[in-house]
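Fold and contact review
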Amino acid sequence: MTEPLVSRMRAFGTTIFAEMSALAVQTGSINLGQGFPDSDGPAAMLDRAMDAIAGGGNQYPPGPGVPDLRQAVSAHRATHYGLVYDPNGEVLVTVGATEAIAASVLALCEPGDEVIAFEPYYDSYAASIALAGARLAGVTLRPVEGRFTFDPDELRAAVTPRTRAILVNSPHNPTGTVFTRDELAVIAELCQEHGIIAITDEVYEHLTFDGVEHIPLATFPGMRERTVMISSAGKTFSVTGWKTGWVCAPRPLVTAVQTVKQFLTFTASGPWQFAVAYGLRHEMGWVAAMRAGLQDKRDRLMKGLALAGFRVLKPAGTYFVQTDIRPLGFTDGLELTRKLPSLAGVVAIPTQVFYEHPERGAHFVRFAFCKQYEVIDEAVGRLKRLG
Ligand SMILES: *Cc1c(COP(=O)(O)O)cnc(C)c1O
């Protein structure tokens, strides 16, 4: 049989996550590759999901999402950012941020349109853009004084008459960068000058450290009207399996995204929606405590990685820390991460898989610290073997 997969998806075969997770199981290694927490979300929120199932909340929710969740999302945006979105028409519940991103790109980009994204990027971006028949224009983030950032001139040069949208992920996976007000201002100015739509992936909005503040791009003058703001419950409440996300945007943009979304999944699962509404209203204190713990784990892992001989780039947010492997005598992160289980009993992800130009990220390796203290400490102990 000839290749059954459509040509536009052929570049997206098996992922490195599958390979590395299999390697972790095979070798009994500690898996700091995949970015999901190994402890549960707030207990009362979990109870709400069970209550919803026991109480008959098991049929199709309305297409835009359960009204209570749309109201809670709207209230949360207003409280935290001073952004006002009408729960009826400007908020759409999706199957995680992943569906929100895919539906937004499919709804807003014609074949041949260009979408700017910062590389390294979350892996679903390139696939969603390819599904739309659009073209990804990558702008590379590089370390400057220990944090990944972009060159404003490179960003300006990436804009063409075909540029339709820019995907902005801050706090940024996999670099841990939280864009500053100045960086966001450059993006905002370009969007307005060239009529570009911003699609923002803010799933780590509450996971920032050292008092660094997450600033939504939509809060910049003139940006609310052209921003599709996306977030989700998975990272905020440590329930990545719930796949409950949302889009906030002006009515015409939400209507466009919902038009596509209704034929992808029609609506998102019900029980989680009731529970996430509760979480947004009552569990932000739990989130603050979780964030403090996460910062502590970041510090422990960074210290261990530095002792093992990595050059460590301090993340201001997310679940991830980037390391430069060259001080260890390696130049290729793929080679090192394939050897790391036998060298040290730890699994990590080669950052190059998140690039359009893999050679630009060849010497970086990503470690996740959203794991229990014992797991971080055990990994740190094992990594000492490298030194
Ligand atoms: C985890 C993650 C997502 C996916 O979120 P879901 O709500 O699980 O779909 C999207 N973007 C980034 C950057 C992520 O790290």
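Residues numbered from 1 in each chain as written. Predicted model: local features only at pLDDT ≥ 70, side-chain atom pairs only at ≥ 80, totals over all residues. Heavy atoms only, no water.

Where we set the bar: UniProt positions are given in the numbering used here, feature names are shortened, and annotations may be inferred rather than shown by experiment.
Going by an unreviewed UniProt entry, the chain carries the name Pyridoxal phosphate-dependent aminotransferase and comes from Nonomuraea typhae. The record held by UniProt for the chain lists under Cofactor (unreviewed entry) the comment "pyridoxal 5'-phosphate".

1. Section: helix 11 (residues 284-308)
Note the following rule: Note on conventions: DSSP H or I runs of at least 4 residues are helices, E runs of at least 2 residues are strands, and numbering of each starts at the N terminus. For a helix, the expected span equals 1.5 Å multiplied by the residue count minus one. Remark: exposure states derive from per-residue accessible area (1.4 Å probe, protein chains only) relative to the maximum for the residue type, with buried under 20%, exposed over 50%, and partly exposed in between.
A rise of 1.5 Å per residue sets the reference length of helix 11, with its 25 residues, at 36 Å; its end C-alpha atoms lie 36 Å apart and thus fit the reference within 8%. Those residues of helix 11 that fall on the buried side of the exposure criterion are Met284, Val287, Met290, Gly293, Leu294, Lys297, Arg298, Leu301, Met302, Gly304, Leu305 and Ala308. One or two residues past the end of helix 11 sits glycine 309, with phi positive at roughly 110°.

2. A closer look at the site of the ligand
Applicable threshold: Nearness of a residue to a molecule or strand requires only that one of the residue's heavy atoms be within 4 Å of it. Using a 1.4 Å probe, the Shrake-Rupley method yields the accessible areas, and only the shown protein chains count as cover for residues. Each residue is assigned to one of three groups, with Ala, Val, Leu, Ile, Met, Phe, Trp, Tyr, Cys and Pro labelled nonpolar, Asp, Glu, Lys and Arg labelled charged, and all others, Gly among them, labelled polar.
Near the ligand you find Gly96, Ala97, Thr98, Tyr122, Asn169, Asn173, Asp201, Val203, Tyr204, Ser232, Lys235 and Lys243, and these make up its full shell. Within the complex, 94% of the 390 Å² of free accessible area of the ligand lies under protein. For the shell around the ligand, the element with the highest residue contribution is helix 4 (residues 96-108), accounting for 3 residues. When grouped by side-chain class, the residues that make up the shell around the ligand number 4 nonpolar, 5 polar and 3 charged.

3. Some details on the pattern of salt bridges
Put simply, the test is: Criterion for a salt bridge: a side-chain nitrogen of Lys or Arg within 4 Å of a carboxyl oxygen of Asp or Glu.
Applying the stated criterion across every chain, the model contains 19 salt bridges. Residues arginine 147 and glutamate 183 are paired through a salt bridge, measuring 2.8 Å at the closest nitrogen-oxygen approach. Of this pair, arginine 147 sits in strand 6 (residues 147-149) while glutamate 183 sits in helix 7 (residues 181-194), and the two are 36 residues apart along the sequence. Residue classification places arginine 147 among the partly exposed positions, given a relative accessible area of 27%. On the accessibility criterion, glutamate 183 (10% relative accessible area) is buried. A salt bridge links arginine 326 to aspartate 324, with the shortest nitrogen-to-oxygen separation between them at 2.7 Å. For arginine 326, a relative accessible area of 44% corresponds to the partly exposed category. Aspartate 324 sits in the buried class, given a relative accessible area of 3%. Taken together, the shared-partner salt bridges connect Asp210, Arg298 and Asp299 into one network.

4. Quick notes on a nonpolar patch on the surface
The condition is simple: Surface patches are drawn from residues lacking salt bridges whose relative accessible area is over 30%; two like charges belong together within 9 Å, two nonpolar side chains (Val, Leu, Ile, Met, Phe, Trp, Tyr) within 5 Å.
Nonpolar side chains collect at one region of the surface, where Leu106, Leu131 and Leu264 lie side by side and expose about 220 Å² of accessible area between them. You can see leucine 131 is positioned in helix 5 (residues 123-131).

5. Some details on the sheet that holds strand 10 (residues 244-248)
Definition in use: DSSP calls a pair of strands paired once it identifies at least 2 bridges connecting them. Between N-to-C directions, angles cover 0 to 180 degrees, with each direction set by a line fitted to C-alpha atoms, over the stretch in contact for helices. Between two residues, a contact is recorded if the distance between any of their heavy atoms is within 4.5 Å.
An order of 2-10-9-8-7-3-4 is seen for the 7 strands of this open sheet, with the pairing classed as mixed. Single-partner strands in this sheet number two, and they are strand 2 (91-95) and strand 4 (135-140). When the angles between neighbouring strand axes are averaged without regard to direction, this sheet yields 25°. Two elements, strand 9 (residues 227-232) and strand 10, share 4 bridges in a ladder whose sense is antiparallel. Residue pairing for strand 10: serine 232 is matched across the bridge by glycine 245. Contacting strand 2 and strand 10, helix 10 (residues 270-282) runs over the sheet at an angle of about 65° to strand 10.

6. Quick notes on the sheet that holds strand 14 (residues 349-350)
Strand order in this open sheet of 4 strands is 11-12-15-14, and the pairing throughout is antiparallel. Strands with a single pairing partner mark the edges of an open sheet, and in this sheet they are strand 11 (311-313) and strand 14. Bridge analysis of strand 12 (residues 320-324) against strand 15 (residues 364-368) gives 5 bridges, and the strand direction is antiparallel. When the bridges of strand 15 are listed, phenylalanine 320 appears paired with alanine 368. Helix 12 (residues 333-344) rests against strand 14 and strand 15 of the sheet, and its axis sits at about 45° to strand 15.

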